[in-house]
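# Chains, contacts and geometry: an overview
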Amino acid sequence: MPQPPIKPRATLTQPATKLLPSSLLSELLGRVDTDKRLVILDMGHAMASTVRFFGEYRCQLNFIDLCAEPFIVTPDHELSHNQRVILMREVLRLAPSAKIDICLFWDVFNYLDDAYIKALIEALEPYISPATAALVINPRDSRCYLPFCRYGIADQDHFMQIDNIGAQPTVFARSQRELNNLIDYFAIDRGRLISEGRAEYLLFENRDIDKTDRSMI
Amino acid sequence: MFSKYRKFINGSDDTSLDTDNKANNLGPAGQNALVGVGVTIEGQVLSHEDIVIAGKVQGALIAKNHHVHIAKSGVITADITAKIISIEGLVTGNITGSESVSLTATSIVYGNIECPRVSLEDGAKFKGSIEMNPGEPTQSVLPIFSVSNGKVRKSIIESGQIGTKASSL
């Protein structure tokens, strides 16, 4: 009787990789005009799958891994808001005229306290237009554990998820409403549950929305 | 392939280099320039052949119609311009490739990349922007022959301009 092939065991040096179904990624991608040159901001670790995916498009793909910045590990609580905004602008280093079409925040908000989120949002403002669409991964609610992963785009319906190695920075878990109130001119348009106690949110610029009572999931 | 340079690149007789060279489409040893692991160059490196950098380069690295390979031990603080660029080591600077740029899992790159085709392996550490245009013609040079008044003429044009220039010959 033929034996099934022996699968090699995963080692500690090979982080686990898996596909994560997404309902909102296709909506995000469907909103952008792919006939023009796209500007994409990925606020996570550069992933092969994301580069491969956007390699089909005429685009500028910016990788700015905020989790690699020292202020994530040792945030300076003495800084003023303006100093934090300047710090974020130095990290972003986008061309002054750039307008972002797709902003992939992934789970970065979970590693920033409220003051740093506000600074990031303000630093990004010159690059955001009404056409900007953004994507966020967040715990389903503030009590859920957040897996320590890096994310990429595998295809229109799937994220690529790779387990991170090392110590997870402090997680500032927030409910959808708490996050929505922090992101100023962005508003969570809709959310969908994904695996392991997480949710994905689709964000658009919306300055007129009433954020006092919304529950999208 | 490249075996006689192995010890200069890796500091040992590491046989994995043979595989690396095949994977990176580098030519035979005799057709490639090498900056060895113990070499530091400050200034502009202008190469008219494929080149492997296993040492340090500070300044600029230009090999417009050739392949530049940065080995694991390579430390580059320079802008790189080449046809094909493959990186296993550390690069701080902007990278312009006319055909392809590939970053392996061991690479660390701080800078902006501009190239029609860019590939990156998971594990690579990259901070910067990638400007991609998959429809952009590659800049490889092809000879074009045309017949005019009974004479055969040869002109060199860039592959992306065949349609325009060939019709005007």
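Our subject is the structure listed above.
Overview of the structure. Predicted model only: the values in this text are computed from it and were never measured.

## Notes on unusual backbone geometry
A negative phi angle characterises most non-glycine residues, just as the trans form characterises most peptide bonds. Not every positive phi belongs to a glycine, and Asp184 of chain A is a case in point at roughly 50°. Turning to its location among the elements, Asp184 of chain A is positioned in the loop between helix H6 (176-182) and strand S8 (186-194).

## Let's talk about the environment of Arg192 of chain A
Residue and element names in this part refer to chain A. Inspection of the secondary structure puts Arg192 in strand S8. Take Arg192: its relative accessible area is 33%, and that puts it in the partly exposed class. For the pair formed by Arg192 and Phe63, sequence separation is 129 residues and the distance between their alpha carbons is 25 Å.

## Points about helix H4 (residues 81-92) of chain A
Over its 12 residues, H4 of chain A runs 16 Å from end to end, which matches the ideal 16 Å to within 8%, given 1.5 Å per residue. Buried residues belonging to H4 of chain A abut strand S2 (38-42), helix H3 (70-73) and helix H5 (114-124) of chain A together with strand S11 (125-132) of chain B. Count one or two residues on from H4 of chain A and you reach Arg93 of chain A, which has phi positive near 45°.

## Overview of the state of the cysteines
All names here are of chain A. The final tally for this structure, using the stated rule, is zero disulfides over all chains. With no disulfide of its own, Cys67 lies closest to Cys149 among cysteine sulfurs, the gap being 11 Å. Left without a disulfide partner, Cys103 is nearest to the cysteine sulfur of Cys67, which lies 14 Å away.

## Quick look at the pattern of salt bridges
A complete count under the given rule lists 10 salt bridges over all chains for this structure. A salt bridge links Arg198 of chain A to Glu196 of chain A, with the nearest nitrogen and oxygen atoms 3.2 Å apart. Among the residues examined, Arg198 of chain A registers a relative accessible area of 0% and is labelled buried. Overall, the relative accessible area of 38% leaves Glu196 of chain A in the partly exposed class. For Lys83 of chain B, the salt bridge identified is with Glu99 of chain B, shortest N-O distance 3.8 Å. With Lys83 of chain B in strand S5 (residues 75-87) and Glu99 of chain B in strand S7 (residues 95-103), this pair connects stretches of sequence that are 16 residues apart. Through salt bridges with shared partners, a single ionic network connects Lys18, Glu196 and Arg198 of chain A.

Parameters and conventions
Residues numbered from 1 in each chain as written. Chains lettered and ligands numbered in written order. Predicted model: local features only at pLDDT ≥ 70, side-chain atom pairs only at ≥ 80, totals over all residues. Heavy atoms only, no water. Helix = DSSP H or I, 4+ residues; strand = E, 2+ residues; numbered from the N terminus. Buried < 20%, exposed > 50% of the residue type's maximum accessible area, 1.4 Å probe, protein only. Expected span 1.5 Å × (residues − 1). Contact = heavy atoms within 4.5 Å. Disulfide = S-S within 2.5 Å. Salt bridge = Lys/Arg side-chain N within 4 Å of Asp/Glu carboxyl O.

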